[in-house]
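Here are the chains, one letter per residue:
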Amino acid sequence: MAYTIHTPEGTRDRLFAECRDRRDTQTALTDLFRRRSYSEVSTPEVEFYDLFLRSGNPIPQEAMLKIIDRSGKIMVMRPDCTAPIARVAATKLKHLPLPQRLYYAETVFRSGDQHRGGSSEIAQCGVELIGAAGRKADLEMIAMAVDALRACGLARFHIELGHAGFFCSLAERMELEEDQVEELRTLIEGKNFAALGDFLAPYQGQSATAALGKLSRLFGGAEVLEEAEALAGENEALSYLRELYEALCGAGYGKYLRFDLGLVHQIDYYTGVVFRGYVEGAGDAVLSGGRYDRLVGDFGRPAPATGFAVDVDAVAACRPGTELPRVGTLVHFAAGELDRALTAVDGRAAGTCELSPCETLEETLALARSKGALHVLVLDADGERMVEV
Ligand SMILES: N[C@@H](Cc1c[nH]c[nH+]1)C(=O)O
(Lines give C-alpha, C1' and ligand atoms only; values in the text may rest on other atoms or scores of the structure.)
Protein backbone atom coordinates (compact mmCIF):
# COMPACT_ATOMS: atom_id res chain seq x y z
CA MET A 1 0.00 0.00 0.00
CA ALA A 2 1.34 3.40 -0.99
CA TYR A 3 0.18 4.92 2.31
CA THR A 4 2.80 3.20 4.36
CA ILE A 5 5.68 5.06 2.76
CA HIS A 6 4.24 8.55 3.13
CA THR A 7 3.93 10.65 6.25
CA PRO A 8 0.63 12.47 6.92
CA GLU A 9 0.09 15.86 5.31
CA GLY A 10 2.01 18.62 7.02
CA THR A 11 4.51 16.26 8.62
CA ARG A 12 7.83 14.88 7.45
CA ASP A 13 10.83 12.92 8.55
CA ARG A 14 13.79 14.96 9.67
CA LEU A 15 17.27 13.63 9.26
CA PHE A 16 20.77 14.17 10.62
CA ALA A 17 21.79 17.83 10.20
CA GLU A 18 18.20 18.98 10.59
CA CYS A 19 17.83 17.11 13.89
CA ARG A 20 21.15 18.41 15.11
CA ASP A 21 20.26 22.00 14.14
CA ARG A 22 16.91 21.70 15.90
CA ARG A 23 18.57 20.40 19.05
CA ASP A 24 21.31 23.08 18.97
CA THR A 25 18.74 25.83 18.51
CA GLN A 26 16.65 24.48 21.38
CA THR A 27 19.75 24.39 23.58
CA ALA A 28 20.73 27.96 22.70
CA LEU A 29 17.24 29.12 23.65
CA THR A 30 16.76 27.07 26.79
CA ASP A 31 20.21 28.06 28.09
CA LEU A 32 19.11 31.69 27.86
CA PHE A 33 15.73 30.98 29.48
CA ARG A 34 17.38 29.16 32.38
CA ARG A 35 19.91 31.92 32.87
CA ARG A 36 16.99 34.32 33.31
CA SER A 37 15.43 32.06 35.97
CA TYR A 38 12.73 30.42 33.87
CA SER A 39 11.91 26.82 34.83
CA GLU A 40 10.81 24.11 32.45
CA VAL A 41 7.28 22.73 32.32
CA SER A 42 5.81 20.13 30.02
CA THR A 43 2.12 19.56 29.32
CA PRO A 44 0.40 16.66 27.53
CA GLU A 45 0.58 16.36 23.78
CA VAL A 46 -3.12 15.44 23.75
CA GLU A 47 -5.62 17.71 25.51
CA PHE A 48 -9.38 18.06 25.79
CA TYR A 49 -10.83 20.01 22.87
CA ASP A 50 -12.84 21.98 25.44
CA LEU A 51 -9.68 23.38 26.98
CA PHE A 52 -9.07 25.39 23.84
CA LEU A 53 -12.70 26.37 23.37
CA ARG A 54 -12.99 27.62 26.91
CA SER A 55 -9.72 29.51 26.94
CA GLY A 56 -10.79 32.17 24.48
CA ASN A 57 -10.66 29.85 21.45
CA PRO A 58 -7.03 30.69 20.73
CA ILE A 59 -6.76 28.65 17.55
CA PRO A 60 -9.47 28.44 14.86
CA GLN A 61 -11.38 25.21 15.42
CA GLU A 62 -10.67 23.91 11.92
CA ALA A 63 -6.91 24.22 12.54
CA MET A 64 -6.98 21.76 15.46
CA LEU A 65 -6.11 18.10 14.85
CA LYS A 66 -8.88 16.17 16.56
CA ILE A 67 -8.90 12.67 18.00
CA ILE A 68 -11.84 10.77 19.46
CA ASP A 69 -10.92 8.81 22.57
CA ARG A 70 -12.45 5.46 23.57
CA SER A 71 -15.35 7.06 25.43
CA GLY A 72 -16.18 9.29 22.46
CA LYS A 73 -14.71 12.49 23.91
CA ILE A 74 -13.09 14.89 21.45
CA MET A 75 -9.44 15.45 22.12
CA VAL A 76 -6.92 17.54 20.19
CA MET A 77 -3.23 17.32 19.51
CA ARG A 78 -1.96 20.34 21.47
CA PRO A 79 -2.42 23.31 19.09
CA ASP A 80 -0.88 25.84 21.47
CA CYS A 81 1.30 25.74 24.57
CA THR A 82 0.17 28.94 26.25
CA ALA A 83 -3.36 27.83 27.14
CA PRO A 84 -2.24 24.55 28.80
CA ILE A 85 0.45 26.44 30.71
CA ALA A 86 -2.12 28.98 31.85
CA ARG A 87 -4.11 25.98 33.16
CA VAL A 88 -1.07 24.66 35.02
CA ALA A 89 -0.31 28.08 36.50
CA ALA A 90 -3.89 28.42 37.72
CA THR A 91 -4.11 24.92 39.17
CA LYS A 92 -0.95 22.92 40.01
CA LEU A 93 1.12 26.04 40.63
CA LYS A 94 -1.49 28.06 42.47
CA HIS A 95 0.26 27.68 45.82
CA LEU A 96 3.45 29.24 44.43
CA PRO A 97 3.95 32.99 44.66
CA LEU A 98 3.64 35.11 41.53
CA PRO A 99 5.27 36.01 39.27
CA GLN A 100 6.22 32.64 37.86
CA ARG A 101 8.72 32.29 35.06
CA LEU A 102 8.11 29.17 32.95
CA TYR A 103 9.60 27.83 29.72
CA TYR A 104 8.90 24.89 27.42
CA ALA A 105 10.27 23.09 24.40
CA GLU A 106 7.30 21.30 22.86
CA THR A 107 5.61 20.49 19.58
CA VAL A 108 2.34 22.12 18.60
CA PHE A 109 0.03 20.81 15.90
CA ARG A 110 -1.90 23.12 13.60
CA SER A 111 -3.39 21.98 10.36
CA GLY A 112 -5.14 23.34 7.33
CA ASP A 113 -4.56 26.28 5.05
CA GLN A 114 -4.46 28.39 8.18
CA HIS A 115 -0.79 27.62 8.17
CA ARG A 116 -0.51 28.38 4.44
CA GLY A 117 0.78 25.00 3.42
CA GLY A 118 3.51 25.01 6.07
CA SER A 119 4.23 22.29 8.55
CA SER A 120 1.38 21.32 10.84
CA GLU A 121 3.88 20.00 13.35
CA ILE A 122 5.80 22.93 14.80
CA ALA A 123 8.62 22.63 17.31
CA GLN A 124 8.27 25.58 19.65
CA CYS A 125 10.48 26.85 22.43
CA GLY A 126 8.85 29.54 24.51
CA VAL A 127 8.49 31.40 27.78
CA GLU A 128 5.60 32.60 29.87
CA LEU A 129 5.91 35.24 32.61
CA ILE A 130 2.81 34.76 34.70
CA GLY A 131 1.58 37.16 37.35
CA ALA A 132 3.44 40.27 36.25
CA ALA A 133 1.67 43.24 34.73
CA GLY A 134 2.99 46.48 33.39
CA ARG A 135 5.99 48.12 31.91
CA LYS A 136 8.83 46.19 33.49
CA ALA A 137 7.38 42.81 32.58
CA ASP A 138 6.78 43.92 28.99
CA LEU A 139 10.32 45.25 28.78
CA GLU A 140 11.72 41.98 30.11
CA MET A 141 9.79 39.98 27.54
CA ILE A 142 10.63 42.11 24.50
CA ALA A 143 14.30 42.25 25.50
CA MET A 144 14.24 38.50 25.89
CA ALA A 145 12.72 38.07 22.43
CA VAL A 146 15.67 40.01 20.98
CA ASP A 147 18.15 38.09 23.11
CA ALA A 148 16.60 34.75 22.13
CA LEU A 149 17.23 35.38 18.44
CA ARG A 150 20.70 36.73 19.23
CA ALA A 151 21.44 33.63 21.31
CA CYS A 152 20.69 31.57 18.18
CA GLY A 153 23.49 33.40 16.38
CA LEU A 154 21.19 35.54 14.22
CA ALA A 155 22.18 39.09 13.41
CA ARG A 156 19.76 40.22 10.71
CA PHE A 157 16.39 40.18 12.40
CA HIS A 158 13.91 42.53 13.95
CA ILE A 159 11.02 42.38 16.37
CA GLU A 160 7.84 44.14 15.29
CA LEU A 161 5.75 45.61 18.08
CA GLY A 162 2.04 46.24 18.04
CA HIS A 163 -0.71 46.58 20.62
CA ALA A 164 -3.95 44.60 20.75
CA GLY A 165 -5.57 47.59 22.48
CA PHE A 166 -5.03 49.84 19.47
CA PHE A 167 -7.16 47.75 17.12
CA CYS A 168 -9.76 47.19 19.85
CA SER A 169 -10.04 50.88 20.69
CA LEU A 170 -10.66 51.67 17.01
CA ALA A 171 -13.08 48.76 16.49
CA GLU A 172 -15.01 49.80 19.60
CA ARG A 173 -15.63 53.24 18.16
CA MET A 174 -17.32 51.61 15.14
CA GLU A 175 -19.97 49.79 17.18
CA LEU A 176 -19.66 46.52 15.25
CA GLU A 177 -21.09 43.10 16.06
CA GLU A 178 -18.63 40.58 17.50
CA ASP A 179 -18.38 38.55 14.28
CA GLN A 180 -17.82 41.71 12.26
CA VAL A 181 -14.91 42.61 14.55
CA GLU A 182 -13.45 39.17 13.86
CA GLU A 183 -13.88 39.63 10.13
CA LEU A 184 -12.16 42.99 10.33
CA ARG A 185 -9.33 41.48 12.38
CA THR A 186 -8.79 38.78 9.74
CA LEU A 187 -8.76 41.29 6.88
CA ILE A 188 -6.20 43.48 8.64
CA GLU A 189 -4.07 40.54 9.75
CA GLY A 190 -4.05 39.17 6.19
CA LYS A 191 -3.27 42.65 4.77
CA ASN A 192 -6.23 42.07 2.47
CA PHE A 193 -6.55 45.66 1.25
CA ALA A 194 -9.28 45.25 -1.37
CA ALA A 195 -11.69 43.40 0.92
CA LEU A 196 -10.86 45.76 3.78
CA GLY A 197 -11.80 48.72 1.58
CA ASP A 198 -15.16 47.07 0.80
CA PHE A 199 -15.75 46.27 4.47
CA LEU A 200 -15.12 49.86 5.57
CA ALA A 201 -16.94 51.58 2.68
CA PRO A 202 -20.28 51.89 4.53
CA TYR A 203 -18.55 53.48 7.52
CA GLN A 204 -16.77 56.31 5.69
CA GLY A 205 -16.79 59.49 7.70
CA GLN A 206 -16.61 57.78 11.08
CA SER A 207 -13.61 58.81 13.16
CA ALA A 208 -11.98 55.35 13.34
CA THR A 209 -12.52 54.34 9.71
CA ALA A 210 -9.49 56.08 8.22
CA ALA A 211 -7.18 54.64 10.87
CA LEU A 212 -8.57 51.11 10.44
CA GLY A 213 -8.22 51.38 6.68
CA LYS A 214 -4.56 52.30 7.03
CA LEU A 215 -3.76 50.00 9.95
CA SER A 216 -2.16 47.32 7.83
CA ARG A 217 0.11 49.90 6.24
CA LEU A 218 1.26 51.34 9.56
CA PHE A 219 4.53 49.53 9.90
CA GLY A 220 8.14 50.67 9.99
CA GLY A 221 10.28 52.70 12.38
CA ALA A 222 9.21 54.88 15.30
CA GLU A 223 7.74 57.47 12.87
CA VAL A 224 4.80 55.07 12.49
CA LEU A 225 3.63 56.01 15.99
CA GLU A 226 3.33 59.66 14.96
CA GLU A 227 1.50 58.73 11.78
CA ALA A 228 -0.94 56.64 13.81
CA GLU A 229 -1.47 59.44 16.31
CA ALA A 230 -2.24 61.82 13.49
CA LEU A 231 -4.91 59.41 12.23
CA ALA A 232 -6.41 58.14 15.47
CA GLY A 233 -5.73 61.00 17.88
CA GLU A 234 -4.26 60.55 21.35
CA ASN A 235 -4.27 56.88 22.17
CA GLU A 236 -3.17 55.04 25.30
CA ALA A 237 -1.79 52.06 23.38
CA LEU A 238 0.36 54.28 21.18
CA SER A 239 1.75 56.26 24.15
CA TYR A 240 2.57 53.02 25.92
CA LEU A 241 4.39 51.64 22.87
CA ARG A 242 6.43 54.84 22.68
CA GLU A 243 7.33 54.58 26.36
CA LEU A 244 8.52 50.98 25.93
CA TYR A 245 10.46 51.86 22.81
CA GLU A 246 12.34 54.66 24.56
CA ALA A 247 13.27 52.41 27.48
CA LEU A 248 14.42 49.63 25.11
CA CYS A 249 16.46 52.09 23.02
CA GLY A 250 18.14 53.22 26.24
CA ALA A 251 19.16 49.61 26.89
CA GLY A 252 20.61 49.16 23.39
CA TYR A 253 17.73 47.19 21.86
CA GLY A 254 16.45 49.97 19.59
CA LYS A 255 18.12 48.76 16.41
CA TYR A 256 16.18 45.50 16.57
CA LEU A 257 12.77 47.10 16.98
CA ARG A 258 10.11 48.16 14.52
CA PHE A 259 6.38 48.69 14.70
CA ASP A 260 3.46 47.05 12.98
CA LEU A 261 0.22 48.54 14.21
CA GLY A 262 -1.69 46.18 11.93
CA LEU A 263 -0.24 43.26 13.86
CA VAL A 264 -3.41 41.58 14.97
CA HIS A 265 -2.65 38.01 15.99
CA GLN A 266 -5.02 35.27 14.88
CA ILE A 267 -4.70 33.83 18.36
CA ASP A 268 -7.15 35.96 20.22
CA TYR A 269 -6.11 35.86 23.87
CA TYR A 270 -3.87 38.91 23.52
CA THR A 271 -4.82 42.00 25.48
CA GLY A 272 -1.82 44.35 25.28
CA VAL A 273 1.57 44.60 23.63
CA VAL A 274 2.03 41.99 20.89
CA PHE A 275 5.12 41.25 18.87
CA ARG A 276 6.60 39.09 16.15
CA GLY A 277 10.17 38.32 15.17
CA TYR A 278 11.30 38.25 11.53
CA VAL A 279 14.64 37.01 10.28
CA GLU A 280 16.19 37.78 6.94
CA GLY A 281 15.81 34.60 4.92
CA ALA A 282 12.50 33.45 6.44
CA GLY A 283 9.24 34.52 4.84
CA ASP A 284 7.10 34.12 7.92
CA ALA A 285 7.50 35.21 11.52
CA VAL A 286 9.86 32.98 13.50
CA LEU A 287 8.81 34.34 16.91
CA SER A 288 5.44 35.40 18.16
CA GLY A 289 4.03 36.55 21.46
CA GLY A 290 2.50 39.22 23.62
CA ARG A 291 0.50 40.07 26.70
CA TYR A 292 -2.55 38.02 27.63
CA ASP A 293 -4.05 39.24 30.89
CA ARG A 294 -7.28 37.22 30.95
CA LEU A 295 -6.31 33.69 29.93
CA VAL A 296 -4.97 32.49 33.30
CA GLY A 297 -8.11 33.87 34.96
CA ASP A 298 -10.24 31.70 32.65
CA PHE A 299 -8.81 28.74 34.60
CA GLY A 300 -9.71 30.22 37.97
CA ARG A 301 -6.70 32.23 39.10
CA PRO A 302 -6.74 35.75 37.68
CA ALA A 303 -3.20 36.76 36.76
CA PRO A 304 -1.78 39.01 34.08
CA ALA A 305 0.78 37.35 31.83
CA THR A 306 3.02 37.72 28.84
CA GLY A 307 5.21 35.41 26.79
CA PHE A 308 6.38 34.31 23.39
CA ALA A 309 7.25 31.21 21.39
CA VAL A 310 10.03 30.65 18.88
CA ASP A 311 9.51 28.41 15.84
CA VAL A 312 12.64 26.35 16.38
CA ASP A 313 12.98 24.85 12.89
CA ALA A 314 12.38 28.17 11.18
CA VAL A 315 15.14 29.75 13.28
CA ALA A 316 17.44 26.77 12.79
CA ALA A 317 17.09 27.12 9.03
CA CYS A 318 18.28 30.74 9.23
CA ARG A 319 21.25 30.21 11.51
CA PRO A 320 24.66 30.83 10.02
CA GLY A 321 25.64 27.61 8.22
CA THR A 322 27.57 25.09 10.20
CA GLU A 323 28.80 22.18 8.13
CA LEU A 324 28.10 18.76 9.51
CA PRO A 325 31.50 17.45 10.64
CA ARG A 326 32.59 14.75 8.21
CA VAL A 327 33.44 11.44 9.79
CA GLY A 328 37.22 11.31 9.22
CA THR A 329 38.07 8.16 11.15
CA LEU A 330 36.44 4.80 11.71
CA VAL A 331 37.60 2.71 14.65
CA HIS A 332 38.04 -0.97 13.87
CA PHE A 333 38.46 -2.82 17.17
CA ALA A 334 39.09 -6.40 18.15
CA ALA A 335 36.87 -8.28 20.58
CA GLY A 336 37.68 -7.13 24.12
CA GLU A 337 38.81 -3.65 22.99
CA LEU A 338 35.46 -1.86 23.27
CA ASP A 339 36.61 0.44 26.08
CA ARG A 340 39.72 1.58 24.18
CA ALA A 341 37.62 2.06 21.05
CA LEU A 342 35.08 4.25 22.87
CA THR A 343 37.87 6.25 24.49
CA ALA A 344 39.29 6.90 21.00
CA VAL A 345 35.90 8.14 19.75
CA ASP A 346 35.26 10.29 22.82
CA GLY A 347 38.73 11.85 22.55
CA ARG A 348 38.00 13.33 19.11
CA ALA A 349 35.76 16.22 18.05
CA ALA A 350 32.08 15.25 18.14
CA GLY A 351 30.92 13.64 14.91
CA THR A 352 34.39 13.18 13.37
CA CYS A 353 35.07 9.61 14.51
CA GLU A 354 32.81 6.60 14.97
CA LEU A 355 32.97 2.88 15.71
CA SER A 356 32.96 0.41 12.85
CA PRO A 357 30.41 -2.36 13.39
CA CYS A 358 32.27 -4.63 10.92
CA GLU A 359 33.98 -7.89 11.87
CA THR A 360 36.81 -7.79 9.31
CA LEU A 361 39.23 -4.98 8.45
CA GLU A 362 38.33 -5.35 4.76
CA GLU A 363 34.68 -4.64 5.52
CA THR A 364 35.62 -1.65 7.66
CA LEU A 365 37.83 -0.26 4.87
CA ALA A 366 34.98 -0.67 2.38
CA LEU A 367 32.63 1.11 4.81
CA ALA A 368 35.19 3.91 5.30
CA ARG A 369 35.46 4.38 1.52
CA SER A 370 31.68 4.54 1.13
CA LYS A 371 31.45 7.17 3.89
CA GLY A 372 34.37 9.22 2.57
CA ALA A 373 36.40 8.66 5.78
CA LEU A 374 40.15 9.07 5.43
CA HIS A 375 41.50 6.78 8.15
CA VAL A 376 40.76 3.58 10.00
CA LEU A 377 42.16 3.31 13.50
CA VAL A 378 42.81 -0.36 14.22
CA LEU A 379 42.83 -1.39 17.88
CA ASP A 380 43.82 -4.93 18.81
CA ALA A 381 45.91 -6.84 21.32
CA ASP A 382 49.11 -5.67 19.54
CA GLY A 383 48.31 -2.02 20.14
CA GLU A 384 46.98 0.54 17.67
CA ARG A 385 47.77 1.60 14.11
CA MET A 386 46.29 4.03 11.65
CA VAL A 387 45.44 2.70 8.19
CA GLU A 388 44.93 5.16 5.31
CA VAL A 389 41.78 4.42 3.35
N1 LIG B 1 1.45 30.55 22.10
C2 LIG B 1 1.72 31.63 21.17
C3 LIG B 1 2.96 32.37 21.57
C4 LIG B 1 2.86 32.95 22.93
C5 LIG B 1 3.44 32.53 24.05
N6 LIG B 1 3.01 33.35 25.05
C7 LIG B 1 2.21 34.23 24.54
N8 LIG B 1 2.12 34.00 23.24
C9 LIG B 1 1.89 31.06 19.76
O10 LIG B 1 2.00 29.87 19.57
O11 LIG B 1 1.96 31.84 18.82
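Residues numbered from 1 in each chain as written. Predicted model: local features only at pLDDT ≥ 70, side-chain atom pairs only at ≥ 80, totals over all residues. Heavy atoms only, no water.

> I keep staring at the site of the ligand and nothing clicks. Help me out?
Residues in close proximity to the ligand total 16 residues, the closest being Asp80, Thr82, Arg110, Glu128 and Tyr270. In this structure, a nitrogen atom belonging to the ligand sits 2.7 Å away from a side-chain N or O atom of Asp80. Take Thr82: an N or O atom from its side chain is 2.7 Å from a nitrogen atom of the ligand. For the ligand, the protein covers 97% of the area, taking 300 Å² as the surface of the free molecule. Listed by contribution, the elements that provide at least two residues to the shell around the ligand are β6 (121-130), β11 (287-291) and β12 (305-311). (Near = heavy atom within 4 Å. Polar contact = N/O pair within 3.5 Å; in protein donor to acceptor, adjacent residues only side chain to side chain. Areas by Shrake-Rupley, 256 points an atom, 1.4 Å probe, with all protein chains shown as cover. Helix = DSSP H or I, 4+ residues; strand = E, 2+ residues; numbered from the N terminus.)

> What am I meant to see in the pattern of salt bridges here?
Once their charged atoms are close, side chains differing in charge can pair, the charge on each being opposite to the other. As enumerated under the stated definition, the model contains 24 salt bridges in all. Notably, a salt bridge pairs Arg20 with Asp21, separated by 2.8 Å at the nearest N-O pair. A residue is classified by how much of its surface remains accessible, and Arg20, at 22% relative accessible area, is partly exposed. Judged by its relative accessible area of 22%, Asp21 is partly exposed. (Salt bridge = Lys/Arg side-chain N within 4 Å of Asp/Glu carboxyl O. Buried < 20%, exposed > 50% of the residue type's maximum accessible area, 1.4 Å probe, protein only.)

> How do you make sense of the environment of Lys92 when you look at a structure like this?
For Lys92, the location among the structural elements is in the loop between α3 (82-90) and β5 (100-109). Taking the C-alpha atoms as reference, Lys92 lies 38 Å from Arg258; in sequence the two are 166 residues apart.

> Would you take a moment to explain helix α13 (residues 338-346) for this structure?
Helical geometry: 3.6 residues make up each α-helical turn, so side chains three or four residues apart lie on a common side. Regarding α13, the residues found buried are Ala341, Ala344 and Val345. All buried residues of α13 fall inside an arc of 100° around its axis, so they share one side. Exposed positions of α13 whose direction lies more than 90 degrees from the buried face are Asp339, Thr343 and Asp346. In this structure, the buried side of α13 is in contact with β13 (329-333), β14 (353-355) and β15 (375-380). (Arc of directions from axis to C-beta. Contact = heavy atoms within 4.5 Å.)

> Is there a simple way to think about the sheet that holds β12 in this case?
Hydrogen bonding along the main chain pairs the strands of a sheet, whether they run parallel or antiparallel. With respect to topology, 9 strands assemble into an open sheet ordered β1-β5-β6-β12-β11-β10-β7-β9-β8, the strand pairing being mixed. If you trace the sheet from one side to the other, it starts and ends with β1 (39-40) and β8 (219-220), each paired once. Examined bridge by bridge, strand β7 (residues 157-163) and strand β10 (residues 273-279) share 7 bridges and lie antiparallel to one another. Each bridged residue has a counterpart across the sheet, and for Ile159 the counterpart in β10 is Gly277. On the sheet, helix α1 (residues 16-35) packs against β5, β6 and β12 and is oriented at approximately 0° with respect to β6. Against the sheet, helix α5 (residues 164-173) makes contact with β7 and β10, and its axis sits at roughly 35° relative to β7, the strand it touches most. (Pairing = 2+ DSSP bridges. Axes fitted to C-alpha atoms, helices over the stretch in contact; angles between N-to-C directions.)

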